There are 2 protein chains.
Amino acid sequence: MNRRCFVKSGLGLTSLLALGSVPFVAGPQAQAAAPVRKALPFRMGCAGYTFVKYNLETALQMMKRLDIRYMSLKDFHLPINADDAKIAEVLALFKKYEVTPYAVGPIYMNTEAEVKNAFAYAKRVGVDMIVGIPKYELLPLVDELVKEYNFKVAIHIHGPDTPLFPDATDVWKHVEKLDSRIGICYDIAHTVRTGANLLEDYKKYSSRIYDMHIRDVSQATKSGHCIEAGRGIIDFRPFFAAIAKNNYTGVCSVEYEKDMTDVLPGLAETTGYFNAILKYL
Amino acid sequence: MNRRCFVKSGLGLTSLLALGSVPFVAGPQAQAAAPVRKALPFRMGCAGYTFVKYNLETALQMMKRLDIRYMSLKDFHLPINADDAKIAEVLALFKKYEVTPYAVGPIYMNTEAEVKNAFAYAKRVGVDMIVGIPKYELLPLVDELVKEYNFKVAIHIHGPDTPLFPDATDVWKHVEKLDSRIGICYDIAHTVRTGANLLEDYKKYSSRIYDMHIRDVSQATKSGHCIEAGRGIIDFRPFFAAIAKNNYTGVCSVEYEKDMTDVLPGLAETTGYFNAILKYL
């Protein structure tokens, strides 16, 4: 990671590194300019799914161009049964583009074997978080394995489209008595699509929110679809203010799902929108 | 122009139309979502130069995608000696993509004939503003013609790169005793590159600022280059707040000059950045 440039804030370098949020500037000529994003407790990332129509290298090139340095890795970019050589090749590609794979997933887990494979995969990739969707009855096994591996599992919520973990309330209900390393990947668009209140759910469940998928959405209903940030209905400034105030130290991963074969312009508009909000937070 | 969607503000539709700043939403599905930009006295646009490497139709497609509805038309997209048929063809293209050509230029005027041609061209295109760079000694002729045509001429400032109109102070000095329809195209990046203070120059000369070119810049020196908004040194929120407060009713035209053969991602990031600032202004 390029850690040469960091903001002049009240925080020292050590604190910034500890927060994992040393911001970057893009390109050699930009060193005199301000960093793209100031130091905040959380980091910006991309959900690998944003790039479902692209190979990994093209995806990483786009992320580097937008100065987004964290990705949750999807299986279509690195199969779950990949051997060590393939994993090394993929990690080298991440390094080349100065992007860190901070988690794997979302991974659907429908059998015991799939749960076990997901943990083994995360370990081989070298991350300590799985964004996952285990069937409800597999949660006891997940509970065992988070203890064994000391990994986090952030259960992805998917709104009104699916009966399995539609919202944070449903995840909470199923995991509150399990190991605290089992928590939530808070997908804000799907949350809004269920009709839930974004800030209220965040506040209620923040102690178990370990990852986030962020994007704007056109309507607060099942038919709401992904749209460039700022063109939809989500009020992002109070949302980012709330998570910063609450010291959320995870990643806000943009999961952009519009124009997926020509994703860069919308992802860039979305990133610019977030950059401005974070700058003036 | 698509005027179906406008924000619910204290201003009525008539006021909004009078201000020329009815905002738009993109696409039929977006009607339930908020408009991209709220009503402000000024409008967002693009300087045609942003698209110097593209044909006009591709440029207009990019603008429509970003929901930017005003362009200052450059001669490489419509030659100054174009006949009426060519002009009609170009105007039809603007209409197709719901973009309004609000000015022509920047046009360099080095001879009396070039000044006269510029005015005749603007009239045939149907705009009442020329963004221009007339040689100093041609200003008396410009003064005559703004009276004759009742057009505005916004003189483009070009920073430390050129001795002709480097900054707003220089334009002011040369035009303050001339007809008040001769004013300034306030290029904020070039202003900053001269070392001038962006807000102070704006306040000093706002009565004659009729157009603006906006973009971020990496450094406040001659070697400062264009960069995605938010990655450079310009503090955009106070700038936009100042022009809104001062009721600037012109266009803020993005003149994006980085990656000019692949301009859309940077222009999109810049647009998203401005959208967020304007939303929370």
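This write-up is about the structure you can find in this document. (Residues numbered from 1 in each chain as written. Chains lettered and ligands numbered in written order. Predicted model: local features only at pLDDT ≥ 70, side-chain atom pairs only at ≥ 80, totals over all residues.)

**A short note on the pairing of strand β4 (residues 129–134) of chain A**
Residue and element names in this part refer to chain A. How we decide: Three exposure classes are used. Buried residues have 20 or more other C-beta atoms within 10 Å of their own C-beta, exposed residues have 12 or fewer, and partly exposed residues fall in between, all C-beta atoms being placed from the backbone. Runs of E in the DSSP output that reach at least two residues are strands. Runs of H or I that reach at least four are helices, and both are numbered from the N terminus. In short, DSSP must find at least two bridges between two strands for them to pair.
Here β4 lies mainly inside the structure; six of its six residues are buried. Here β4 shows a buried face lined by Met 129, Val 131 and Ile 133 and a second buried face lined by Ile 130, Gly 132 and Pro 134. Of the pairings in the sheet, the one linking strand β3 (residues 100–109) to β4 comprises four bridges and is parallel in character. Pairing of Met 109 across the sheet is with Pro 134, part of β4.

**Thoughts on the interface of chain B and chain A**
Test applied: Distance between backbone-placed C-beta atoms decides contact: two residues are in contact if it is within 7 Å.
Contacts between the two partners involve 33 residues from chain B and, on the opposite side, 34 residues from chain A. With 12 residues, helix α10 (residues 264–279) of chain B is the largest single contributor of residues to the side of chain B that touches chain A.

**What about the relation of the copies chain B and chain A?**
What counts is decided by this rule: Copy-to-copy superposition: least squares on the C-alpha atoms, limited to residues that have pLDDT of at least 70 in both copies.
If you rotate chain B by 180° and push it 0.0 Å along the axis, it lands on chain A with an RMSD of 0.0 Å. What the superposition gives is, in effect, a two-fold axis relating one chain to the other. When the interface residues of chain B are mapped onto chain A, 100% of them are again interface residues, pointing to one common binding face.

**Here's the deal with the pairing of strand β6 (residues 182–187) of chain A**
Regular strands show a simple pattern: their side chains alternate between the two faces of the sheet. Residue and element names in this part refer to chain A. Just so we agree on the cut-off: Look down the strands so they point away from you; if going from the first strand over the helix to the second traces a clockwise path, that crossover is right-handed.
Across the six residues of β6, six count as buried, placing the element largely inside the fold. In this structure, strand β5 (residues 152–156) lies alongside β6, joined through four bridges in parallel fashion. When the bridges of β6 are listed, Ile 155 appears paired with Ile 184. Remark: the β5/helix α6 (residues 168–175)/β6 crossover connection has right-handed handedness.

**Notes on the packing of helix α9 (residues 236–245) of chain B against α10 of chain B**
Residue and element names in this part refer to chain B. Note the threshold: Axis lines are fitted to C-alpha atoms, over the contacting stretch for helices. Their N-to-C directions set the angle, which ranges from 0 to 180 degrees. Should an angle lie under 35 degrees it is considered roughly parallel, over 145 roughly antiparallel, and from 65 to 115 roughly perpendicular; all remaining angles are considered oblique. Here a crossing is taken to be left-handed if its near helix is turned anticlockwise relative to the far helix by less than a right angle, and right-handed if that turn runs clockwise. In this classification, Asp, Glu, Lys and Arg are treated as charged, Ala, Val, Leu, Ile, Met, Phe, Trp, Tyr, Cys and Pro as nonpolar, and every other residue, Gly included, as polar.
Their axes nearest at 10 Å, the elements α9 and α10 cross at an angle of 55°. Comparing the axis directions of α9 and α10 gives the class oblique. In this structure, α9 crosses over α10, and the sense of that crossing is right-handed. Residues Phe 236, Arg 237 and Phe 240 of α9 lie in contact with α10, whose contacting residues are Phe 274, Ile 277 and Leu 278. Counted by class, the contact of α9 with α10 contains five nonpolar, no polar and one charged residues.

**Quick word on the nonpolar core**
To keep things clear, this is the line we draw: Joining buried Ala, Val, Leu, Ile, Met, Phe, Trp, Tyr and Cys residues through C-beta atoms within 7 Å gives a set, and that set is a nonpolar core.
Counting residues in hydrophobic clusters, the biggest one holds 164 residues, and the most contacted among them are Ile 130, Ile 155 and Ile 184 of chain A together with Ile 130 and Ile 184 of chain B. Apart from residues lying up to four places away in sequence, Ile 184 of chain B is in contact with Ala 154, Ile 155, Ile 157, Ala 168, Val 171, Tyr 205, Arg 208, Ile 209 and Tyr 210 of chain B.

**A few points about the sheet that holds strand β1 (residues 43–47) of chain B**
What links the strands of a sheet is backbone hydrogen bonding, and the strands pair in either a parallel or an antiparallel sense. All names here are of chain B. The sheet built from eight strands closes into a barrel, its strands ordered β1-β2-β3-β4-β5-β6-β7-β10 with parallel pairing. Across the sheet, the mean angle from the axis of one strand to that of its neighbour is 30°, orientation sign disregarded. Note that β1 and strand β2 (residues 70–73) share two bridges and pair parallel. Within the sheet, the bridge partner assigned to Ala 47 lies in β2 and is Ser 72.

**Here's the deal with the sheet that holds β4 of chain A**
Residue and element names in this part refer to chain A. The sheet built from eight strands closes into a barrel, its strands ordered β1-β2-β3-β4-β5-β6-β7-β10 with parallel pairing. Put simply, the sheet's adjacent strands are angled 30° from each other on average, direction ignored. Direction of pairing for strand β7 (residues 209–214) relative to strand β10 (residues 251–254): parallel, over a ladder of three bridges. Pairing of Ile 214 across the sheet is with Val 254, part of β10. The strands touched by α6 within the sheet are β5 and β6, with β6 carrying the most contacts at an inclination of about 175°.

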